[in-house]
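A look at the structure
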Amino acid sequence: MTEEAIFSGCLINDPVAQRELYGKYSPKMLSVCYRFAHNREDAEDMLQEGFIKVFSQIHTFQNKGAFEGWIRRIIVHTCINHLKKNKKFNDSVDIIHATGIQVREESVPSIVQAKQVVECIRLLPIGYRTVLNLYAIEGYNHKEISEMLDVEESTSRSQYTRAKQMLEDILIRKHIIQPARIKGNWFGLTATGQ
Amino acid sequence: MERNFYDTDFEDLLKEKADQYKMYPSDKVWKGIDRSLRSRRKWYWTGFVVLLSGISYLAVNELIKPSNPVRIQQPIVRPEAPAFNTPQITPFSAAPIANSQDEQTDRLVPNGFVVQKSDQLTTTLEIPLITTASNDLSDVQAPSQSLIIAGIDPKTANAFNLRFMLPVLNLVSNNEEATASETGGKNNILNPGILTSPAENNHFNWLQDQAVPEIKTKPSRHVRWQLAFSPTVNYRKMTGAKNARLNSSSGNIPLALNIPGDINSLLDHKPALGFELGTHGLLSLTRSLTLKGGIQFNYSKYDIHAYKSRVELATISLNATAFQSPGTLTSYTDIRNFSGSSSEELKNQYFQLSLPVGLELRLLGNDRVQLNIAGTIQPTYLLNGNTYLITNDYKNYTKAPSLVRKWNMNTGFEAFLSYDRGGVKWQIGPQFRYQLLSSYKNAYPIKEYLMEYGIKIGVTKTIR
């Protein structure tokens with residue numbers, strides 16, 4: 001089914017098209033949710049809520065950008081709202097002062113490097129993780145992040161800096177990257193894809 | 001630790017790795033989404049039904065339900081020309097009868113009911129009077145006086161047919177006393193006993209000898225308001241496709257052979273229940289002919305028995321139209337007409353808004369019970385639809401909203417038996433509705449005409 005046919009079907013609430021759309025984008029969107037969520041169950045809740053919004057607001061999509069990008073923005077906003085609603089983000093605002101946080105020494109599966117990276121991101125405290133996700137992966141700027149999270153722009157910047165440092169430490173400790181590697185080859189296994 | 005991070009590289013690589021990662025959600029996520037989406041639709045329709053029910057309830061309460069607990073038929077008053085050259089009393093009309101339910105109000109209400117303290121219900125009839133000096137009734141003026149008949153028993157009031165011609169000098173002289181005491185000199189009051197006691201009725205009978213042909217009055221054009229509901233059975237008639245049949249697309253594996261035969265015998269469709277809800281205004285043109293117009297909502301559907309399959313190509317060949325050259329419309333579908341992995345029940349549903357305009361003709365009956373027929377033409381707009389189109393090779397069903405016609409024309413016929421009681425008319429009878437244009441645009445080679453059979457139940461209130 002082409003994306004155009006899926007889109008047309010979803011516009012008229014065709015269950016087949018809706019199922020097709022869900023099947024096409026849910027794996028990627030669940031991984032987005034997973035990076036924000038505490039656990040997989042929360043991530044699935046976010047995904048469900050996000051897709052309900054996608055289907056109910058699909059008529060508002062204008063062909064100004066990629067359909068996937070539009071879906072992704074809805075999912076990300078749903079994740080942020082979910083965190084705010086459950087006060088999980090607010091409770092961790094004090095991470096600004098949380099220097100020297102001990103990273104949990106959980107075993108990180110080394111099956112797939114992408115999964116390792118995601119699992120390492122999830123080891124970050126939720127405040128750091130949220131800002132890092134939004135800035136480094138989702139591509140929002142600090143002004144947008146500050147509005148989304150109701151924090152100062154400078155707070156977003158500082159949290160991102162700390163988050164990046166902490167993630168780097170984790171990645172090195174897990175032997176996923178090597179320190180002092182040259183530009184463009186931070187992930188030691190990238191070239192081989194192992 | 002030496003850090004030679006280049007921010008953008010770090011972020012790019014982070015993004016790349018994060019985007020590579022995919023997780024597959026459990027089944028319960030889709031079930032939750034699906035349940036939520038369907039229940040939203042249910043709530044939408046529940047809201048719609050509640051809204052219509054509310055409107056109907058208000059309509060019944062405010063417009064149809066009589067405000068009087070007891071109604072009597074409006075008395076017929078026939079003015080008669082005088083046989084001798086005396087001033088004449090011309091009753092204009094008997095005004096509608098109103099009511100007062102206040103049990104403590106033992107008072108005279110013009111044209112209304114009075115509940116006396118003894119709980120006996122009586123009515124008052126007011127007849128405007130005019131005095132003219134000659135037999136010429138064309139030059140009548142607005143009534144300056146009224147004849148009020150009070151204390152009539154409502155149970156017998158609908159039986160009397162007043163015929164009187166009073167020497168006005170006597171009436172005036174008699175009424176002057178009553179007027180002064182009862183109504184401040186404006187109205188004339190007759191003793192209520194006059195109409196209920198046979199003996200007293202003799203006061204009027206002496207006038208009957210001088211009866212002359214009654215004056216014909218111009219028939220009034222009644223305006224009525226109607227609310228009607230019809231449970232319906234819906235089906236469709238299909239034609240066409242002979243000139244546009246295609247071989248199965250080579251991308252449509254397994255290939256389906258072209259199947260000759262009547263389309264109606266190749267599709268497994270079944271009638272289904274729907275409904276029609278409408279409100280109309282009616283204007284009496286003559287005693288037996290009525291013009292009607294209004295707005296109505298139709299929910300039509302029929303069932304389709306099909307089969308689930310894997311996703312495959314569905315191709316519809318398109319006719320040439322004034323705006324479009326011949327072509328094909330290709331989409332993907334997982335529904336087959338003939339065979340598949342599992343049975344699938346579908347519904348073709350139509351939600352339509354129509355503006356019926358037509359005529360009602362009274363065939364038989366009197367003022368109370370009538371047999372009528374009616375016909376309407378109904379410009380129709382498709383509010384929403386959930387329709388599956390069969391492909392030209394009859395193999396697959398698919399959706400193509402762009403081929404569904406938004407504006408259509410329907411025609412409706414009905415016959416009904418009506419019963420009029422106190423200005424409220426109830427009716428019931430069969431109706432038939434037929435769609436004049438295909439449900440689909442001309443480009444789609446298969447034509448579908450919807451049909452509805454139903455029993456219409458209606459209630460009509462005379463407004464004026």
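Computed from a prediction, not measured in an experiment: that's the story for all the values here.

Quick word on the interface of chain A and chain B
Accessible area lost during the coming together of the parts is what is often quoted as the interface size. Listed by partner, the interface residues are 36 residues for chain A and 31 residues for chain B. The set of elements that each furnish at least two residues to the side of chain A that touches chain B consists of α1 (3-11), α2 (15-36), α3 (40-56), α5 (113-122) and α6 (126-137) of chain A. Top element by residues in the side of chain A that touches chain B is α2(A). It accounts for 10 residues.

Notes on unusual backbone geometry
Residue and element names in this part refer to chain A. One non-glycine residue with positive phi stands out, namely Asn13, at about 60°. Mapped onto the fold, Asn13 is located in the loop between α1 and α2. We classify Asn13 as partly exposed; it has 17 C-beta atoms within 10 Å. With a phi angle near 60°, Asp150 is a residue other than glycine that sits in the positive phi range. Summarising the element assignment, Asp150 is placed in the loop between α7 (142-149) and α8 (153-173).

Notes on the nonpolar core
Residues A:Cys33, A:Leu132 and A:Leu167 are the most contacted members of the largest nonpolar core, which totals 57 residues. Here this core takes 11 residues from α2(A), the largest share from any one element. Split by domain, the residues of this core number at least three in each of domain 1 (1-88) and domain 2 (96-194) of chain A. Setting aside residues no more than four positions away along its own chain, A:Leu167 makes contact with A:Cys120, A:Ile121, A:Leu124 and A:Leu132. With 15 residues, the next largest nonpolar core counts B:Ala306, B:Ile316, B:Leu389 and B:Val404 among its residues.

Quick look at the confidence of the model for chain B
Regions with low pLDDT should not have their predicted coordinates read in detail. Residues and elements named next belong to chain B. A residue-level look at chain B finds 57% of positions with pLDDT of 70 or above and a mean pLDDT of 72. Confidence drops under pLDDT 50 across residues 1-5; counting only partners more than four residues distant or on other chains, this segment forms 5 contacts. Segment residues 165-215: pLDDT under 50, and 60 contacts once partners within four positions in sequence are set aside and those in other chains are kept. Of the two predicted TM-score estimates for the complex, the pTM is 0.44 and the ipTM is 0.79.

Criteria and thresholds
Residues numbered from 1 in each chain as written. Chains lettered and ligands numbered in written order. Predicted model: local features only at pLDDT ≥ 70, side-chain atom pairs only at ≥ 80, totals over all residues. Contact = placed C-beta atoms within 7 Å. Helix = DSSP H or I, 4+ residues; strand = E, 2+ residues; numbered from the N terminus. Buried ≥ 20, exposed ≤ 12 C-beta atoms within 10 Å, placed from the backbone. Core = buried A, V, L, I, M, F, W, Y, C linked by C-beta atoms within 7 Å. Domains from an automatic or database assignment. pLDDT = per-residue confidence, 0-100.

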